[in-house]
Amino acid sequence: MADLSVKIAGVEFPNPVIAASGTYGNGECFTDLYPLSRLGGISCKGMTIVPKLGNVPPRIAETPSGILNSVGLQNIGVHGFIEYYLPTLKEEGNVIIANVAGATIDDYIAAAEALDVTNVDMIELNISCPNVKAGGATWGVTCEGAASVTKAVRAATSKPLIVKLTPNVTNITEIAKAVEAEGADSISMINTLLGMRIDIRTKRPILHNNVGGLSGPAIFPVAVRMVWQCYNAVKIPIIGMGGISTWEDAVEMMMAGASAIQMGTAIFTDPWSPIKVIEGLNDYMDKNGIKDLSEIVGQVKPWD
Amino acid sequence: MSYYCDKYPIIEKKCISRDTFSITIYAPEAAKAAHAGQFANISAPGFTLRRPISICEFSRSRGTLRFVFEVRGKGTEAISRLNVGDNLDVLGPLGNGFAIPDSARRVVLVGGGIGVPPMLGLAKKLGDRATAILGFRDYSRIILADEFEKYGAATAICTDDGSVGYNGMVTGPLESTLKNTGADIVCACGPMPMLNAIAKICAQYDVPCRVSLEQRMGCGVGACVVCSCLTVRNGQEHYARVCKDGPVFDAKEVKFNG
């Protein structure tokens, strides 16, 4: 058994595999298969200070090697999360990360203040959701927006702060540097790429929201490229995600510069996939005599 | 309710009408957990999303689950190419299924097209307590009708073109049944306009109605809130999860045009 543990922003994860926000809900729906303690951590379903109804369905469409989604942050609100889900999650899971979204800076501050007094381990700032009309990704597409939300939340909480970046920008390294400068402890990347599909018989977009976020293996190479670029631009640790579905993908993402990884869409294809990745990483470390996963982080050898 | 996710051997496969296949797997633990009206999320080789397919029937003693599905696109086509000896990657049984009170003596089962298979498990359970009204486009699309009869259900067939049985929609025979003999409960699965029409008739005759819904789905287990359906409970609108809160809903709670 290899030691798979990693440390991010002072928080110890027993292994580097985290359920990404969205497809895993708040973990309660998967305990029939395996205990939540098998995962390194869980990034909970994106939450807002006020509960949200979400978008009109259909909310999902299949694409080549991926999916589009437009859930629109349906959630029971930060206070509902704290009351109904957090106690069980803390008891059954390892690192619990609250993924927080908002329309205004005050929304983000209110959510962060409410979570600050709980035993949640980390806060992940979602400034990259493409599926809501107000807020969400509008904060994440400019350096000024990303910096101002990060600064405000940084002042509102002492919890370790991860900022989740959107790939729908011209230069993601500039955004990464901006949030690092305002006190982010880590960045997670990438959120979904904005996409669209049309039913050619009805001329209607398949998603009722018309557009949605593209995820799954289709976006993996884009994610690897962006993680690698940011690894060379900032000093804070990166949590890599975007289409990871196998342990080989996880190793590749770590070689590009990720200290830990998140898995989302792969859970739709196979709910066992995070466990298979953990087991695959364990075998990989044993076979290659790797004592600590930090030995592979950022170890890609680029061509000159 | 518990579910499993594993690969199970296909022990029988048949093409039962144009584009419609019946696949039976040996999955003892899943069969033990199954209830009529539940579904499974089935992996389509080479595709990102699993396909939600209703459980047609199950046998706890033989440890089998049977799925009857129509080839609608490339994913279901990939599943239809699997054969006896291959494994089917199944996540299930999922969802709530139909709850029929023991006191219900006269249960009307209405199925339209590929909404017929999930009603067969109920027919098996109910025997002669069930009346089945099954609608199809034409004679070439008729499936499973003889099996409903085998289980003891008084079975009526409707076709849109009148090539077999009643010429028209299932709502005609349903209304006559409710008018002439009455029913304790109606259970239905099929296209949304059909379910909407059935819900209205049941409301008119004051008969409880349960409908099994379909929606584009993600996880299948209730986590991702992708497969939502607008429902009203205690006067409050809410997006329920078809996979976990359903697929069977009280028709009174469903906003059919939501």
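Below: a short report on this structure. (Residues numbered from 1 in each chain as written. Chains lettered and ligands numbered in written order. Predicted model: local features only at pLDDT ≥ 70, side-chain atom pairs only at ≥ 80, totals over all residues. Heavy atoms only, no water.)

Side note on the nonpolar core
Step number 1: Residues Ile187, Met189 and Ile261 of chain A together with Val110 and Ile198 of chain B are the most contacted members of the largest nonpolar core, which totals 137 residues.
Step number 2: Counting 28 residues, the second largest nonpolar core, distinct from the first, contains Ala104, Leu122, Leu126 and Ala145 of chain B. (Core = buried A, V, L, I, M, F, W, Y, C linked by side-chain atoms within 4.5 Å. Buried < 20%, exposed > 50% of the residue type's maximum accessible area, 1.4 Å probe, protein only.)

Examining the pairing of strand β6 (residues 66–69) of chain A
Residue and element names in this part refer to chain A.
Step number 1: Burial along β6 is two-sided: Gly66 and Leu68 facing one way and Ile67 and Asn69 facing the other are all buried.
Step number 2: Bridging between strand β5 (residues 60–63) and β6 involves 4 bridges; their strand directions are antiparallel. The residue of β6 that forms the bridge with Thr63 is Gly66.
Step number 3: With 3 bridges joining them, β6 and strand β14 (residues 211–215) adopt antiparallel strand pairing. Pairing of Asn69 across the sheet is with Gly213, part of β14. (Helix = DSSP H or I, 4+ residues; strand = E, 2+ residues; numbered from the N terminus. Pairing = 2+ DSSP bridges.)

Quick notes on the sheet that holds strand β9 (residues 154–159) of chain B
Residue and element names in this part refer to chain B.
Step number 1: Sheet architecture is open: 7 strands sit in the order β10-β9-β8-β7-β11-β12-β15, paired in mixed fashion. The open sheet is flanked by β10 (166–167) and β15 (248–250), the only strands paired with a single partner.
Step number 2: Looking at chain direction, strand β8 (residues 130–136) and β9 are connected through 6 bridges and run parallel. Paired with Gly135 across the strands is Cys158, a residue of β9.
Step number 3: Of the strands in this sheet, β7 (107–112), β11 (185–189) and β12 (209–212) touch helix α6 (residues 192–204), which is tilted by about 170° from β11. (Contact = heavy atoms within 4.5 Å. Axes fitted to C-alpha atoms, helices over the stretch in contact; angles between N-to-C directions.)

Overview of the packing of helix α4 (residues 143–156) of chain A against helix α5 (residues 172–181) of chain A
Residue and element names in this part refer to chain A.
Step number 1: α5 packs onto α4 with a crossing angle of 25° between their chain directions and a minimal axis gap of 8 Å. On the basis of their axis angle, the class for α4 and α5 is roughly parallel. The hand of the α4/α5 crossing is right-handed. In contact with Cys143, Ala146, Ala147 and Thr150 of α4, α5 contributes Glu174, Ile175, Ala178 and Val179.
Step number 2: Within the contact of α4 with α5, the residues separate by chemical class into 6 nonpolar, 1 polar and 1 charged. (Parallel < 35°, antiparallel > 145°, perpendicular 65-115°, else oblique. Left-handed = near helix turned anticlockwise from the far one by under 90°. Nonpolar A, V, L, I, M, F, W, Y, C, P; charged D, E, K, R; others polar.)

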